[in-house]
Amino acid sequence: MLSLHAAKRPVPNKTGKRKPSANAPAQSSARIGLAIAGGGPIGAMYELGALRALDEALDGIDLTRMDCYVGVSSGAFLAAGLVNRMSSAEMCRIFITGDSDDVRFRPETFLRPAVFEYMRRASALPRLTLEWWSSLLSPRDSRLSDLMVRFGSLVPTGLFDNSEVERFLREIFSRRGRSNDFRQLERELYVVAVDLDSGEAVRFGAGDWKDIPISKAVQASAALPGLYPPVEVRGRHYVDGALRRTMHASVLLERGIDLLIGINPLVPFDSTKVDSDAGHRGGVDPHRIWQGGLPAVMSQTFRTLLQSRMQVGLAKYAQQYPDIDQLIFEPNSNDGEMFFTNAFSFSNRRRVCQLGYRNTLQDLRNRAEALGPVLAAHGIRVREDVLNDRHRTVLSGLGEAPPRSTETTARLRRALDETEHLIRRRKQS
């Protein structure tokens, strides 16, 4: 599902001239921003498929050379990878095919039990038990509600340990010419997390937060309460950035961009639009979400809150930034496959990635007539050969796995790619 807001009036570029019309020569100075929301591991795989579709279907855009990026939760890793010149094809090799010559992905890294958190909480049990026995002598303190509050502190703040996630990201961003330092990036990157003690959003990569390692910022932004424990940074504790806003697109809109491209993998499931003969998944009737129990109800509630909040934000942005084109890609609301897939089921990552790829190409195909002039204003053209290939998959354009390379050859390849890019830019100007 594609939400399109076309700019109401042309915008002056850096030279003070107006944007050209759709029939004019392509403009090369347009500033483009990419916003990637969160959605857990499976949501990230959907977003990766969507990014791969945009990479292949849009000519005149390089996802690794956008002007600015903002990432929230699992989307923060994808944004950090792109700004570090890790292409969508390379990330597909890491997470989907497993034949990357650089990174070996192990799902268990993201699902490691938070043993130390369990032990730390359990260590308080003797003290709380003693206090509870003492409270029995005072009737006013022996109420059931007080008992639940007292022993509630024994419940871990997260099921899984995210310290290994930070180490995994730190290793990736510290080799082959990549950087784990916001200050050394060639493009702007913002990773959003929420201060647990104040409820305020923090933009890592901006202002006084530029010195925080990117891996630590992503770890904090992806610390969904209940699944991962809060992440301590400078003596404060931070959790998932989606708790404040779904996509934090305003971070980029404030930067004076001309085109916003956003991806949000979580939308509420509309069972009323599902065919009556649709099969059940896991014994759950897609028309009766409550049969899925608390996880299904909580998922639907969470998705509904996130999307309704984002729709309100986008409507406000359309009024506040009428001169910026905005494209937001999301799953279809009747897609039960996306809704009923276990959010932490890495075994389904290829299927979900293909779903994101297929849906995005379909959105581009369905809205091609309206998109053409909007994209042309920014020097972007839709590749009809890609859209017309109905048998295309997310792996079709990957080709054969690249040969194994050393740190030195990888840096040399990166330098040659940068030189080629500069030469191409000079010819275009």
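Conventions we followed
- Residues numbered from 1 in each chain as written.
- Predicted model: local features only at pLDDT ≥ 70, side-chain atom pairs only at ≥ 80, totals over all residues.
- Heavy atoms only, no water.
- Salt bridge = Lys/Arg side-chain N within 4 Å of Asp/Glu carboxyl O.
- Helix = DSSP H or I, 4+ residues; strand = E, 2+ residues; numbered from the N terminus.
- Buried < 20%, exposed > 50% of the residue type's maximum accessible area, 1.4 Å probe, protein only.
- Pairing = 2+ DSSP bridges.
- 1 Å grid on protein atoms, 1.4 Å probe; cavity = no way out; pocket = protein on both sides within 12 Å on 5 of 7 lines; lining within 4 Å.
- Points joined across faces, edges and corners; volume = space filled by probe spheres on them.
- Nonpolar A, V, L, I, M, F, W, Y, C, P; charged D, E, K, R; others polar.
- Contact = heavy atoms within 4.5 Å.
- Phe/Tyr/Trp six-rings, centres within 6.5 Å; stacked < 30°, edge-to-face > 60°.
- Lys NZ or Arg CZ within 6 Å of the ring centre and 35° of its normal.
- pLDDT = per-residue confidence, 0-100.
- Axes fitted to C-alpha atoms, helices over the stretch in contact; angles between N-to-C directions.
- Left-handed = near helix turned anticlockwise from the far one by under 90°.
- Parallel < 35°, antiparallel > 145°, perpendicular 65-115°, else oblique.
- Polar contact = N/O pair within 3.5 Å; in protein donor to acceptor, adjacent residues only side chain to side chain.

- Taking an unreviewed UniProt entry as the reference, the protein chain is identified by name as Patatin-like phospholipase family protein belonging to Lysobacter hankyongensis.

**Examining the pattern of salt bridges**
And then number 1: Within this structure, the stated rule accounts for 23 salt bridges.
And then number 2: Residue Glu 166 pairs with Arg 170 through a salt bridge whose shortest N-O separation is 2.7 Å. Here Glu 166 and its partner Arg 170 are both found in helix α7 (residues 163–172), four residues apart, which amounts to about one turn of the helix.
And then number 3: By relative accessible area, Arg 170 is classed as partly exposed at 36%.
And then number 4: The salt bridge partner of Asp 195 is Arg 236, with a shortest N-O separation of 3.0 Å. In this pair, Asp 195 is assigned in strand β5 (residues 188–195) and Arg 236 in strand β8 (residues 236–240), connecting sequence segments 41 residues apart.
And then number 5: Residue class for Asp 195 comes out buried when judged on its relative accessible area of 6%.
And then number 6: Put simply, Glu 90, Asp 101, Asp 102, Arg 175, Arg 176 and Arg 178 are held in one network by salt bridges that share partners.

**Quick look at the pairing of strand β4 (residues 68–72)**
And then number 1: Taking burial as the measure, the five residues of β4 include five buried ones, the bulk of the element.
And then number 2: Here β4 shows two buried faces, one formed by Cys 68, Val 70 and Val 72 and the other by Tyr 69 and Gly 71.
And then number 3: For strand β2 (residues 32–36) and β4, the ladder comprises four bridges, and the chain directions are parallel. The residue bridging Leu 34 from the neighbouring strand is Tyr 69, located in β4.
And then number 4: Across five bridges, the pairing between β4 and β5 is parallel. Pairing of Tyr 69 across the sheet is with Leu 189, part of β5.

**Observations regarding the pairing of β5**
Residues in a regular strand point their side chains to alternate faces of the sheet.
And then number 1: Among the eight residues in β5, seven count as buried, and that is most of the element.
And then number 2: When β5 meets strand β6 (residues 201–204), the two strands line up antiparallel, connected through four bridges. Across the sheet, the residue bridging to Val 192 is Arg 203, located in β6.
And then number 3: The turn joining β5 and β6, which pair antiparallel and follow one another in sequence, is formed by five residues; a positive phi near 80° is taken by Gly 199.

**Regarding empty space enclosed by the protein**
Take a probe with the size of a water molecule and roll it over the atoms, and the empty space left behind shows itself.
And then number 1: Counted according to the given criterion, the structure contains one cavity of 30 Å³ or more.
And then number 2: A volume near 40 Å³ is recorded for the largest cavity.
And then number 3: What lines the largest cavity is simply Pro 265, Val 267, Pro 268, Phe 269, Arg 303, Pro 331, Asn 332, Ser 333, Asp 335, Met 338 and Phe 339.
And then number 4: Looking at side-chain class alone, the lining of the largest cavity contains seven nonpolar, two polar and two charged residues.

**Describing α7**
And then number 1: Among all positions of α7, only Glu 164, Val 165, Glu 166, Phe 168, Leu 169 and Ile 172 are buried.
And then number 2: Against the buried residues of α7 lie α2 (74–83) and α8 (214–221).

**Quick look at the packing of aromatic side chains**
And then number 1: Throughout the structure, instances matching the rule amount to nine aromatic pairs.
And then number 2: On the numbers, 5.4 Å between centres and 85° between planes, the contact of Phe 204 with Trp 209 is edge-to-face.
And then number 3: Looking at Phe 204, the relative accessible area reads 0%, which means it is buried.
And then number 4: An aromatic cluster is present here, built from Phe 77, Phe 95, Phe 105, Phe 168 and Phe 173 joined pairwise through their rings.
And then number 5: Residue placement shows Arg 234 over the ring face of Trp 209; its charged tip is 4.6 Å from the ring centre.

**With respect to the confidence of the model for the protein chain**
And then number 1: Of all residues in the protein chain, 79% have pLDDT values of 70 or greater, and the mean over the chain is 81.
And then number 2: Here residues 14–28 is a poorly scored stretch, pLDDT under 50, and it has 24 contacts once near neighbours within four places are set aside; other chains count.
And then number 3: Long-range and interchain partners of residues 276–280, a stretch whose pLDDT sits below 50, account for four contacts in this model, where long-range means more than four residues apart.

**Considering the packing of α7 against α8**
And then number 1: In contact at an axis separation of 8 Å, α7 and α8 are set at 145° when each is read in the N-to-C sense. For the pair α7 and α8, the sense of crossing is right-handed. Taking contact as the criterion, the partners of Ser 163, Glu 166, Leu 169 and Arg 170 in α7 are, on α8, Ser 215, Lys 216, Val 218 and Gln 219.
And then number 2: When grouped by side-chain class, the residues that make up the contact of α7 with α8 number two nonpolar, three polar and three charged.

**So, the packing of helix α3 (residues 88–97) against helix α12 (residues 349–366)**
And then number 1: Where α3 contacts α12, the axes come no closer than 9 Å and their chain directions differ by 140°. Classified by the interaxial angle, the pair formed by α3 and α12 is oblique. Residues Cys 92, Phe 95, Ile 96 and Thr 97 of α3 pack against Arg 349, Arg 350 and Cys 353 of α12.
And then number 2: In terms of residue class, the contact of α3 with α12 is built from four nonpolar, one polar and two charged.

**Let's talk about the environment of Asp 55**
And then number 1: Mapped onto the elements, Asp 55 comes out in helix α1 (residues 40–57).
And then number 2: For the pair Asp 55 and Ala 89, spaced 34 residues apart in the sequence, the C-alpha separation amounts to 8.8 Å.
And then number 3: In this structure Asp 55 touches Leu 63 and Ser 88, once residues within four positions along its chain are discounted.
And then number 4: Side-chain polar atoms of Asp 55 contact the side chain of Ser 88, separated by 2.6 Å.

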